[in-house]
Amino acid sequence: MPAPTLREHHVTLQSQIPANLNITVTLPVREYDGTKPNQAHKPVLMLHGRSVPALAAFDLAPVPGGSATRYSWAQELADDGYDVFLMDLQGSGRSPRPRMDEPCNANPAQQQVLVTNPLQQPCPPPPPYPHQLGNSESEWAELDTVVKFIRGLPGRNKPIRCIGYSLGAAIMGSYVLQHPDNVESLLLLAPVFPPKGRWSGNPAAPFGRPAEAQTLPVSTPALTWGFPMLVGTKTGFSTGLDGNPALREPDIVDLAWEACMENDPLGSKWGPEVAPGEYEGILRYRNTYWWGWNNQTVPHENPVGTRILGEQVPVLIIYGEQDRAANSPATFPDPIRFSVPALYTAVKGTRKLMFCLAGAGHSLVWERTAKTVHHMSKQWFKNGKVEGLSSGSYFRDPDGELIPLP
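Residues numbered from 1 in each chain as written. Predicted model: local features only at pLDDT ≥ 70, side-chain atom pairs only at ≥ 80, totals over all residues. Heavy atoms only, no water.

If you check an unreviewed UniProt entry, the protein appears there as Pimeloyl-ACP methyl ester carboxylesterase from Streptomyces africanus.

**Student:** How would you explain the pattern of salt bridges if you had to name every residue and give the values?
**Tutor:** For the coordinates displayed, the defined rule picks out 21 salt bridges. In this structure, the salt-bridge partner of Asp264 is Arg97, at a minimum N-O distance of 3.7 Å. Taken together, the residues Asp264 in the loop between helix 7 (252–262) and strand 8 (273–275) and Arg97 in the loop between strand 4 (83–87) and helix 3 (136–151) connect sequence positions 167 residues apart. With relative accessibility at 11%, the residue Arg97 sits in the buried group. With its nearest N and O atoms 2.8 Å apart, the salt bridge here joins Asp254 to Lys234. (Salt bridge = Lys/Arg side-chain N within 4 Å of Asp/Glu carboxyl O. Helix = DSSP H or I, 4+ residues; strand = E, 2+ residues; numbered from the N terminus. Buried < 20%, exposed > 50% of the residue type's maximum accessible area, 1.4 Å probe, protein only.)

**Student:** Kindly report on the sheet that holds strand 3 (residues 43–47), identifying the contributing residues and their values.
**Tutor:** As summarised here, the arrangement of the 10 strands in space is 1-2-4-3-5-6-11-12-13-14, forming an open sheet in which the pairing is mixed. Edge strands, defined here as strands with exactly one partner in the open sheet, are strand 1 (5–14) and strand 14 (402–404). Taking each pair of neighbouring strands and ignoring which way they run, the sheet shows an average axis angle of 20°. As paired elements, strand 3 and strand 5 (residues 160–165) share four bridges and run parallel to each other. In the strand pairing of strand 5, Val44 is matched with Arg161. The strands touched by helix 4 (residues 167–178) are strand 3, strand 5 and strand 6 (183–189); relative to strand 5, the strand with the most contacts, the crossing angle is about 145°. Contacting strand 3, strand 5, strand 6, strand 11 (315–320), strand 12 (352–357) and strand 13 (392–396), helix 9 (residues 370–383) crosses the sheet at an angle of about 160° to strand 6. (Pairing = 2+ DSSP bridges. Axes fitted to C-alpha atoms, helices over the stretch in contact; angles between N-to-C directions. Contact = heavy atoms within 4.5 Å.)

**Student:** So what about helix 3? Which residues, and what values?
**Tutor:** Between its first and last C-alpha, helix 3 extends 22 Å over 16 residues, near the 22 Å set by a 1.5 Å rise per residue. In this structure Asn135 caps helix 3, since a side-chain oxygen of it lies 2.9 Å from the backbone nitrogen of Glu137. (Expected span 1.5 Å × (residues − 1). Polar contact = N/O pair within 3.5 Å; in protein donor to acceptor, adjacent residues only side chain to side chain.)

**Student:** I'd like a rundown of the pairing of strand 6, residues and numbers included.
**Tutor:** When you tally the buried positions in strand 6, you get six out of seven residues, the bulk of the element. Bridge analysis of strand 5 against strand 6 gives six bridges, and the strand direction is parallel. Bridge pairing in strand 6 places Cys162 opposite Leu186. Strand direction decides the pairing type here: strand 6 and strand 11, joined by four bridges, are parallel. Note that in strand 11 the partner of Leu189 across the bridge is Ile318.

**Student:** Outline the environment of Gln75, listing residues and values.
**Tutor:** Mapped onto the fold, Gln75 is located in helix 2 (residues 73–79). The partly exposed category is assigned to Gln75, whose relative accessible area is 24%. Between the C-alpha atoms of Gln75 and Val315, which are 240 residues apart in sequence, the distance is 22 Å. Non-local contacts of Gln75, meaning those with residues more than four positions away in its chain, are made with Tyr32, Asp59 and Arg70. Within the structure, Gln75 has its side chain in polar contact with the side chain of Tyr32 (distance 3.3 Å).

**Student:** Give me the lowdown on the environment of Glu184, citing residues and values where you can.
**Tutor:** If you trace the backbone, Glu184 turns up in strand 6. Among all residues touching Glu184, those that are not within four sequence positions of it are Pro159, Ile160, Arg161, Val313, Pro314 and Phe381. Among the polar contacts listed, one links the side chain of Glu184 to the side chain of Arg161, at a separation of 3.1 Å.

**Student:** Explain the UniProt feature "domain: AB hydrolase-1" (unreviewed entry) in the protein to me, using residue names and the numbers behind them.
**Tutor:** Cross-referencing UniProt, the feature "domain: AB hydrolase-1" (unreviewed entry) maps to residues 64–193 in the present numbering. Taken end to end, residues 64–193 has its terminal C-alpha atoms 35 Å apart, with 27% of it in helix and 14% in strand. (UniProt positions renumbered as here; feature names shortened; annotations may be inferred.)

**Student:** So what about the state of the cysteines? Which residues, and what values?
**Tutor:** Throughout the structure, instances matching the rule amount to one disulfide. Disulfide partner of Cys104: Cys123, at an S-S distance of 2.0 Å. An S-S torsion of about -70° defines the bridge between Cys104 and Cys123 as left-handed. Within this pair, whereas Cys104 is found in the loop between strand 4 and helix 3, its partner Cys123 is found in the loop between strand 4 and helix 3, the two being separated by 19 residues in sequence. Its relative accessible area of 18% is what places Cys104 among the buried residues. (Disulfide = S-S within 2.5 Å.)

**Student:** Summarise the packing of aromatic side chains; cite the residues concerned and give the values.
**Tutor:** For the coordinates displayed, the defined rule picks out 11 aromatic pairs. Between Trp140 and Phe207 the ring centres are 6.3 Å apart and the planes differ by 85°, which places this aromatic pair in the edge-to-face class. Of this pair, Trp140 sits in helix 3 while Phe207 is found in the loop between strand 6 and helix 5 (222–225), placing the two residues 67 residues apart along the sequence. With a relative accessible area of 11%, Phe207 lands in the buried category. Grouping aromatic residues by their ring pairs yields a cluster made of Trp140, Phe207, Trp225, Tyr289 and Trp291. Stacked on the ring of Trp270, the Lys or Arg Arg284 has its end atom at 5.4 Å from the ring centre. (Phe/Tyr/Trp six-rings, centres within 6.5 Å; stacked < 30°, edge-to-face > 60°. Lys NZ or Arg CZ within 6 Å of the ring centre and 35° of its normal.)

Put into structure tokens, the structure is as follows:
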């Protein structure tokens, strides 16, 4: 069987981010063309989360000398006959990072990790660009541009399958609510969902800007929105992983970190020097103000009165039992209290299916659990079912048995 064809696309658009508004930017989009001879194209678009870029999340190489677990979800789908596209939003991965090359634009509360490289000491406030970077409108626009690019390729002018991971699920899901005709089906992995998240408050125009964001960029409160960039260390990256450690191979954290650094030529040169001319690196990611994804918007209907999610567009949700990022404590304040089961409840259509995977954490893409995620996604995109099921909520135990949840 021939290997999928790898292509690197470059998609241009006029930026909608206030920091580089109306500047022409280029988004790199990787494609694995897995279409078999004499078969129709079946495009899949994968969108990353908040801090981890697309290639590190969806196209990770195997652990050298490790198990047979394959972590490249993109190549797994391509081997199954899909054309798989991976994109990075601005502020992440290989895409432009406006205002993020200036270390003083990092979150002031995190700048100590930049001392002594590239900073000698934390910068005096405020940052040179004292605002958030991306927002829902800018990220919907980037996503829409890539969707239209894919549909403009030969043989792809039809609705596509979409995957959103973590915060990418919030961006992808709210995009689908506004452009359901572009999407055949939706898979949300470890989705971030705030039941009482920000929205316009107007049922007639639910995806408009919230009152506090009528003028972008947002700058207050300064501790939350007064900077464009967040930064993190390898130690924080490792200790932040949840889930059962037994599901992670010993070298997987190093491999994932290296993949993140390969996507950031500048950030990979920051942080402590670990050998002459070699640095541990710093993870740089955008500070995004987002809205339009909550209990009020998810049940949105199309113009003819059909529920979009769960009716017009079927939805598969997969998350880990020990995911503490997408399931925050009930004591957390709105709009940063997240709940995956609340998302399942908010989807009012009957074409919805959810699985909670035993022991898994937020980073399922780097666990041995990834094999189960790949298997479920192939079934879902092929049949609209997983293990013969098209609806309902289930717990998958360590032996693979499915137990219905209330």
